Amino acid sequence: MADEKCSGDDVQAIAKKSPGAFKKFGSRLLRKKFVDENVMETNLRRCLTTVDMTMLAIGHMVGSGVYVLTPTVAKDLAGPAIVLAYLLSGVASFLAALCYAELGVRYPRSGSAYSYTYLALGEFWAFIVGWNVALEHVIGSAATARACSAYIDSLAGGIIKNATENLMGGTFDVPFMSDRLDFLAFGIMMFFTICLSFGVKITSHINNLFSVTNLIVIAIVIGVGSYFSDTSNWTNPEAGGFMPYGFSGVLAASASCFYAYVGFDSIAASGEETKNPQKSIPRATMISMGVATATYVAVATVLTLMIDYRKINNDSGLPDAFEFHGAHWAKMVVIVGALCGMATAIIGALFALTRIIYVMADDGLLFPFCSTVNSKTKIPLGAMYTFASFAAIMSLILDVNTLVELMSIGTLFAYLVVSASVIILRYQPDSEIRRDCLELFPWMAKAITLIIAVKSPGRLVTFSLACFTVFTFITCAFATGCFSSVVDGEWWAVAILAVLLTCVASSFVLILMHKQSNAPLKYKVPLAPLFPALSVAVNILLIVSLKAATWIRLAVWVSVGLSIYLFYGIRHSKLETPSSQLVSVK
């Protein structure tokens, strides 16, 4: 089980000790989560149905995607090709959703990607994933609150914006900051935080009402928008045609659009509050993903056909597009739908955020007050109030563009790790080399024999998966950076790409040569390990397409998280207690 209690010395002191002590410290970083045999037992309230979970995910996805991301990404990254960006990110998200569904059935508890990573890869990687997913939800709720404020101000004729500027004596000109303080966005965040304090069932009823209203409005948007559509907005050569930013722009847009699908993470995060998670999680995941993808593609299509993408308003793109065509009544309808949609997006983000922080704190990796559950509402109020306040402050001072740029990288990383976790858990340490594969690939038999002499079969799968991930990352980075050389057929670029692709393929073949675990599950990802491996590859491709500034901002956030983990979490983890009578989840 767990090692003996950590002495409390800092990381540098541990590193200076004997190699045995340093190795023991390393084992703490990679120790895997152990849970009670009955994973259905919980301090939370299991009361959500399949419909509740589906509407929670749809509300979380459709609100932020349609009203926040679509205008900004269409104008700044992809133009009309945002339709392709949504399709690409939708396929990648669907592959990840399949993996989430299997792990949600395997381990129906709160925590989502964090908990799944804890089971498969260990504590250190779990903390990194959980901390980054928390950032995504903090930023997502803040960005949606900013957009919601802009829509309300648009409905009021700009009165709120003008009043704020007069109160503050003008506007600001600070990089990454809003040109004015958005007190309305701050108030919106506080309002929904209070609403969520009354319990998960009341939250579910409010979310369902807003989600149905939003879907009705989106149907109106698609119908009326089709009437005002003009195909010249897709073919205008002065505007760059359908793909004004090129294929690289589509990839960058896909990476940003990825956050639009993060709402299905709410399903995994609510696993501990679901009546029948083995059935509800897969069904809710598939239905919500299908509805969200169809909605995004349809809305992006009508928006870019209604108006030249260069004239789209970042803050209130859809209502302003209808106003451009004189359909003022449609503008009012869109604003009502937008407010409902963004309300559900904020609810979904805060819901998932609270559960992830709660589980991390309950595992001892974050501070204890974040794991305290209210006896009446069964809500971890400490976790919700702390991080919701952080999100509210961000909505007050940061602009929407800065928030949107930050949103996707942590989600992409979480999807990558979850997909990899499915492969690892499918091939338990007692997995064996398939004899039929050795016969099928006799040229690899000697090499496999040498590798097994060093690595046991179970560890060989993990080693092969690590190689697959690293080589895929290098391949995508090289193909992206040297795209023109590869297309032009320069021999050195083609040769390097061929070698890298061979390494990727060889790593995947090593995984295929093992037998999978026969542990019974009510849902499994089809065609594993192919689909999880494709999910890993697509996520890596989108990650390398992100801007350098996004990586820098992410590094700052991760540094803050690591300082908390290395100087607090690693010593207070529940796995530091050897007396716990726990068993591993298979």
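All values derive from a computational prediction rather than experimental measurement. (Residues numbered from 1 in each chain as written. Predicted model: local features only at pLDDT ≥ 70, side-chain atom pairs only at ≥ 80, totals over all residues. Heavy atoms only, no water.)

Student: Give me the packing of helix α13 (residues 277-306) against helix α14 (residues 317-324): which residues, what numbers.
Tutor: What describes two packed helices is the angle between their axes and the distance between those same axes. Running from N to C, α13 and α14 cross one another at 40°; their axes reach a closest spacing of 10 Å. Of the possible angle classes, the one that applies to α13 and α14 is oblique. As α13 runs across α14, the sense of the crossing is left-handed. Note on element contacts: α14 touches α13 through G317, L318, A321 and F322, opposite V299, L303 and M306. For the contact of α13 with α14, the per-class residue count stands at six nonpolar, one polar and no charged. (Axes fitted to C-alpha atoms, helices over the stretch in contact; angles between N-to-C directions. Helix = DSSP H or I, 4+ residues; strand = E, 2+ residues; numbered from the N terminus. Parallel < 35°, antiparallel > 145°, perpendicular 65-115°, else oblique. Left-handed = near helix turned anticlockwise from the far one by under 90°. Contact = heavy atoms within 4.5 Å. Nonpolar A, V, L, I, M, F, W, Y, C, P; charged D, E, K, R; others polar.)

Student: Explain the nonpolar core residue by residue, including any values.
Tutor: Of all hydrophobic cores here, the largest spans 163 residues; its most connected members are Y67, Y86, Y100, L318 and F322. At 17 residues, the largest contribution of residues to this core is made by helix α15 (residues 328-362). Discounting residues that sit within four places of it in the chain, F322 has contacts with V221, V224, G225, F228, M306, A327, A330, K331 and V334. By size, the runner-up hydrophobic cluster in this structure holds five residues, among which are F478, C482, A493 and L497. (Core = buried A, V, L, I, M, F, W, Y, C linked by side-chain atoms within 4.5 Å. Buried < 20%, exposed > 50% of the residue type's maximum accessible area, 1.4 Å probe, protein only.)

Student: Please set out the packing of aromatic side chains residue by residue, giving values where relevant.
Tutor: Evaluation of the coordinates by the stated rule reveals 21 aromatic pairs. An angle of 45° between the planes, with centres 6.5 Å apart, marks the rings of W125 and F413 as tilted. A residue pair is termed long-range when its members are at least 10 positions apart, and W125 in helix α6 (residues 123-155) and F413 in helix α17 (residues 400-426) qualify at 288 residues. Taking relative accessible area as the criterion, F413 reaches 22% and is therefore assigned partly exposed. Put simply, the rings of F124, W125, F127, W131, F387, F390, F413, W557 and Y565 touch in pairs and so form one group of aromatic residues. Directly above the aromatic system of F351 lies the positively charged group of R355, at a separation of 3.8 Å from the ring centroid. (Phe/Tyr/Trp six-rings, centres within 6.5 Å; stacked < 30°, edge-to-face > 60°. Lys NZ or Arg CZ within 6 Å of the ring centre and 35° of its normal.)

Student: I'd like to hear about empty space enclosed by the protein, residue by residue, with values.
Tutor: Where empty space is left can be seen by rolling a probe of water-molecule size over the atoms. Applying the stated rule across the entire model yields two cavities of 30 Å³ or more. Its boundaries defined by the atoms lining it, the largest cavity holds a volume of some 70 Å³. The set of elements that each furnish at least two residues to the lining of the largest cavity consists of α3 (50-78) and α9 (200-227). Looking at the lining of the largest cavity residue by residue, the classes come out as five nonpolar, four polar and one charged. Estimates place the volume of the second largest cavity at around 40 Å³. (1 Å grid on protein atoms, 1.4 Å probe; cavity = no way out; pocket = protein on both sides within 12 Å on 5 of 7 lines; lining within 4 Å. Points joined across faces, edges and corners; volume = space filled by probe spheres on them.)

Student: Residues and numbers for the packing of helix α4 (residues 82-106) against helix α23 (residues 530-543), please.
Tutor: As a packed pair, α4 and α23 sit with axes 9 Å apart at the nearest point and diverge in direction by 135°. Relative to α23, the element α4 is oriented oblique. As for the relative orientation of α4 and α23, their crossing is left-handed in sense. Touching L88, A92, L95, A96, L98 and C99 of α4 are F531, P532, L534, S535, V538 and L542, all from α23. For the contact of α4 with α23, the class distribution of residues is eleven nonpolar, one polar and no charged.

Student: Explain α9 residue by residue, including any values.
Tutor: For α9, which comprises 28 residues, the first-to-last C-alpha distance of 40 Å matches the rise-based estimate of 40 Å (1.5 Å per residue) to within 8%. For α9, the full list of buried residues reads V200, T203, S204, N207, N208, S211, N214, V217, I218, V221, V224 and G225. (Expected span 1.5 Å × (residues − 1).)

Student: Tell me about helix α5 (residues 113-120), and name the residues and values.
Tutor: Residues that lie three or four places apart on an α-helix share one face, since the helix turns once every 3.6 residues. Across the eight residues that make up α5, a large majority, eight, are buried. Taken together, the buried positions of α5 are A113, Y114, S115, Y116, T117, Y118, L119 and A120. Directly beyond the C-terminal end of α5, a positive phi value near 115° is found at G122.

Student: Before we move on, could you go through the confidence of the model for the protein chain and cite the residues and values that matter?
Tutor: Confidence along the protein chain averages 80 in pLDDT terms, with 84% of residues attaining 70 or more. In this model, residues 1-12 is a region of pLDDT below 50 whose contacts with residues beyond four sequence positions or in other chains number 30 contacts. In the model, residues 579-586 has pLDDT below 50 throughout and makes 18 contacts with residues more than four positions away in sequence or in other chains. (pLDDT = per-residue confidence, 0-100.)

Student: Which residues make up unusual backbone geometry, and what values do they have?
Tutor: Going from A528 to P529, the amide bond is cis rather than trans, its omega being 10°. Structurally, the position occupied by P529 is in the loop between α22 (491-512) and α23. Backbone geometry at K378 places phi at a positive 60°, although glycine is not the residue there. Among the structural elements, K378 can be located in the loop between α15 and α16 (381-397). Classification of K378 by relative accessible area gives partly exposed; the value is 28%. Within the chain, L527 stands out as a residue other than glycine whose phi angle is a positive 55°.

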